[in-house]
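Structure at a glance
As a plain string of letters, each chain reads:
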Amino acid sequence: MRTSSIDGRAARSAYATLALLLAGCGGDAPVTPKPVAEAKCDGVTVSVRTLAPFERVVISGNDVTCFALAGADREYLVVPQLTGAALPYGGYGFRIGDPAAVIARVEPTPGGEPSWLRVAQGTAPAEPPADAQSRLDALMRQREASWKPTRGGTRSGTPQLRVQSSAGAIDTTRTFSVLNTLGATPGYTPVGARLRFAGTRMLLYVDTLASASFTEAELAGMGTLYDQRLAPAVTSTFGSGSDIDGNARVIFLLTPTVNAMVTGSQCAASGFVRGFFYNHDLNSTAATSNRGEVFYAYVPDETGRWSCAHTKTEVLANLPPTFMHELQHMVSFGEHAIKRNGTAEEPWLNEGLSHMAEEIGSLTYETRFPSPSGRTNPTSIFPDSASPFINPNVLYSYRYLFSSAIYSITSCAPGTFCSLAERGGTWLFLRWVADQRGSATFRSLVETNLTGRANLEAVTGRPTAALLGDFALSVSADSVIGVPRTAAPATLRFSSRNLRQLYRSLFDVFGIQGGVGRPFPIEPLTLASGTNLTGTMRPGTFLTYRMRLNASTPSAVLRLLAVDGTPFPSTSGAQVSVLRLP
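One structure accompanies this document, and this report is about it. (Residues numbered from 1 in each chain as written. Predicted model: local features only at pLDDT ≥ 70, side-chain atom pairs only at ≥ 80, totals over all residues. Heavy atoms only, no water.)

The next point concerns the environment of Gly 452. Topologically, Gly 452 is positioned in helix α13 (residues 452-460). Spatially, the C-alpha atom of Gly 452 lies 8.1 Å from that of Thr 410, the residues being 42 residues apart in sequence. Not counting chain neighbours up to four residues away, the residues in contact with Gly 452 comprise Glu 345, Glu 346, Trp 348 and Leu 349. (Helix = DSSP H or I, 4+ residues; strand = E, 2+ residues; numbered from the N terminus. Contact = heavy atoms within 4.5 Å.)

Relative to the helices and strands, Arg 141 resides in helix α3 (residues 132-145). Setting aside its immediate chain neighbours within four residues, Arg 141 contacts Phe 277, His 329, Asn 350, Glu 351 and Phe 417.

Attention shifts here to the sheet that holds strand β8 (residues 188-198). The strand order β7-β8-β9-β10-β12-β11 describes an open sheet built from six strands, whose pairing is mixed. Two strands close off the open sheet at either side, each with one partner strand: β7 (173-179) and β11 (275-277). Ignoring which end each strand starts from, the neighbouring axes of this sheet average 30° apart. Two strands pair when backbone bridges link them, and β8 and strand β9 (residues 202-207) are joined in this way by five bridges, in the antiparallel orientation. Looking at the pairing, Phe 197 lines up with Leu 204 of β9. In the packing of α3 onto the sheet, the strands contacted are β7 and β11, and the crossing angle to β11 comes to about 5°. In the packing of helix α8 (residues 312-339) onto the sheet, the strands contacted are β10 (250-254), β11 and β12 (294-297), and the crossing angle to β11 comes to about 10°. (Pairing = 2+ DSSP bridges. Axes fitted to C-alpha atoms, helices over the stretch in contact; angles between N-to-C directions.)

A separate point is the pattern of salt bridges. Across all of its chains, the model carries 21 salt bridges by this definition. We note a salt bridge from Glu 216 to Arg 196, for which the minimum N-O separation is 2.1 Å. You can see Glu 216 sitting in helix α4 (residues 216-238) and its partner Arg 196 sitting in strand β8, a full 20 residues away along the chain. Residue Arg 196 is classed as buried on the basis of its relative accessible area, which comes to 15%. For Lys 339, the salt bridge identified is with Glu 335, shortest N-O distance 3.3 Å. With a gap of four residues between them, Lys 339 and Glu 335 both fall in helix α8, about one helical turn apart. Classification of Lys 339 by relative accessible area gives partly exposed; the value is 24%. (Salt bridge = Lys/Arg side-chain N within 4 Å of Asp/Glu carboxyl O. Buried < 20%, exposed > 50% of the residue type's maximum accessible area, 1.4 Å probe, protein only.)

To continue, consider the state of the cysteines. Following the criterion strictly, the structure yields three disulfides and no others. The disulfide partner of Cys 267 is Cys 308, and the S-S distance across this bridge is 1.9 Å. Disulfide Cys 267 to Cys 308: torsion about the S-S bond roughly 55°, handedness right-handed. In this pair, Cys 267 is assigned in helix α6 (residues 264-270) and Cys 308 in the loop between β12 and α8, connecting sequence segments 41 residues apart. Of the residues examined, Cys 308 reaches a relative accessible area of 17% and is grouped as buried. The partner cysteine of Cys 412 in its disulfide is Cys 418, sulfur to sulfur 1.7 Å. When the S-S torsion is -60°, as for the bridge of Cys 412 with Cys 418, the disulfide is left-handed. Exposure remark for Cys 412: the relative accessible area of 16% places this residue in the buried category. Of note for the protein chain: the bonded cysteines, numbered N- to C-terminal, pair according to 1-2, 3-4, 5-6. (Disulfide = S-S within 2.5 Å.)

In space, the five strands of this open sheet follow the order β2-β17-β4-β15-β13, with mixed pairing throughout. Of all the strands in the sheet, just β2 (56-60) and β13 (525-526) have a single pairing partner and so form its edges. Relative to strand β17 (residues 574-580), β2 is paired through five bridges, and the arrangement is antiparallel. The residue of β17 that forms the bridge with Val 57 is Val 578.

Next up on the list: the packing of aromatic side chains. Each aromatic ring pair is summarised here by two numbers: the centre-to-centre distance and the angle between the ring planes. A full pass over the atoms with the stated rule returns 19 aromatic pairs. Relative to Tyr 296, the ring of Phe 276 lies with its centre 4.9 Å away and its plane at 20°, an arrangement referred to as stacked. One end of the pair, Phe 276, is in strand β11; the other, Tyr 296, is in strand β12, with 20 residues separating them in the sequence. The class of Phe 276 is buried, set by a relative accessible area of 0%. Grouped by ring-pair contacts, the aromatic residues Tyr 226, Phe 252, Phe 295 and Phe 323 constitute a single cluster. A cation sits over an aromatic face here: Arg 500 above Phe 520, 4.0 Å from the ring centre. (Phe/Tyr/Trp six-rings, centres within 6.5 Å; stacked < 30°, edge-to-face > 60°. Lys NZ or Arg CZ within 6 Å of the ring centre and 35° of its normal.)

Here it is, written out as structure tokens:
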């Protein structure tokens with residue numbers, strides 16, 4: 001097995017024109033270009049843009065239909081995007097390049113899109129079958145979205161649901177109502193559980209049916225870990241959330257009811273549920289609500305009594321990142337819906353923040369174990385204890401960047417709550433935003449009744465389109481081969497992570513056979529002077545082209561148009577980000 005620095009274990013009428021352009025993903029017959037009355041696009045009528053090395057410009061509005069870049073031995077990254085907020089999800093055909101050139105078809109990614117993302121005209125793609133945890137996540141986000149704010153004002157930060165104020169004593173029992181199904185109609189099981197650890201931030205309960213799952217020492221270790229390190233890392237980063245039961249703590253319930261949400265055969269086919277937070281406990285007075293902040297988790301099951309078998313080692317490794325992820329969801333719903341009488345955060349941003357919570361878990365261990373300590377392999381980027389929190393997000397973000405024209409970071413495919421690659425892309429985007437503005441960005445995004453793009457723009461003070469433009473350049477400019485990272489302006493860098501280093505490590509561990517096709521996920525397509533290429537991309541994503549203009553080429557004239565040769569409507573948010581390389 002290779003060694004590496006990453007541990008390998010561990011669209012409607014307003015859009016009728018655009019609807020015709022969705023053919024780019026489905027193999028439909030070419031659309032005949034429509035005649036357009038317009039000014040010449042010849043590099044004479046339009047002024048030539050001259051950029052210094054590592055200078056960037058985001059070209060938008062009418063300018064995308066004709067712009068020129070200075071040549072004479074210059075090289076550029078040219079990145080087209082569709083950033084319109086109301087643009088329906090789908091694959092949109094476009095053309096980019098010299099308006100006088102013959103159009104050549106180029107697939108957005110090597111080998112084309114996966115079969116499940118090939119869309120017919122105007123239809124949405126179907127996601128591949130989701131695993132059990134992802135299906136439950138989708139149900140939870142759907143149920144959060146059904147929450148309707150109370151008319152007439154803001155709720156109190158301590159709603160009328162308060163039912164207890166004490167933490168309870170060790171070994172006392174309590175009955176919980178636990179969701180027991182992944183079905184559309186909720187079902188519940190009454191669970192008797194005993195309090196095994198009481199901390200300042202967390203109460204650890206164990207189902208009496210699984211009382212022997214952990215030793216006293218293991219429970220004390222778990223309680224201390226979650227109470228003293230993981231929970232405060234989340235609340236200090238994202239906010240305290242609600243406290244409707246008045247105990248100033250999160251309840252952590254370990255129960256085989258979570259294991260039994262899938263059968264053994266279902267587990268073998270599509271995985272299992274590790275843990276979850278359910279907003280029903282915060283916004284419902286029904287008898288099935290536990291009326292408090294509760295995180296539910298599975299238990300070890302060596303013999304497969306309740307579903308497929310799980311070792312204690314596996315459970316202890318899987319639960320910390322799951323807890324961090326779900327606790328952010330709990331804090332987010334508490335801050336948006338309970339404290340501020342707002343709506344739940346939009347799924348793309350909510351999930352991105354929860355994946356960021358996982359990284360916060362990693363950072364706690366990275367701080368505790370500076371290199372080379374805490375590493376089985378002294379050359380590892382991350383200590384062994386950080387790997388379960390960070391490695392999956394590195395992999396998901398790799399998949400996003402590898403197929404960046406397919407996955408959106410500002411919306412999810414209809415009927416889904418974002419694929420892992422989309423979540424990984426949003427995590428990477430939020431990491432870049434925080435590197436520009438500081439980690440207080442996360443708390444500002446959560447402690448608000450704003451959601452989605454409005455939330456992002458209020459916190460950053462920039463339009464989403466501008467953020468997307470700079471981000472699309474940053475993922476390449478952050479670490480250009482042969483150029484010091486400090487050569488790129490700070491706005492185009494990740495201060496906390498080195499992307500080439502991260503993805504190289506991923507490649508070293510998994511390689512092509514493991515689904516990591518190359519050391520760096522972005523391989524720009526060649527956009528030569530005098531060519532006109534077509535492609536397909538989704539809203540909220542991008543494609544990266546590289547243009548080299550030799551000494552004998554004084555300038556290059558470029559246009560970004562819909563695939564039929566007409567300008568994109570203003571609602572599309574069509575733009576081209578350009579970076580001059582050194």
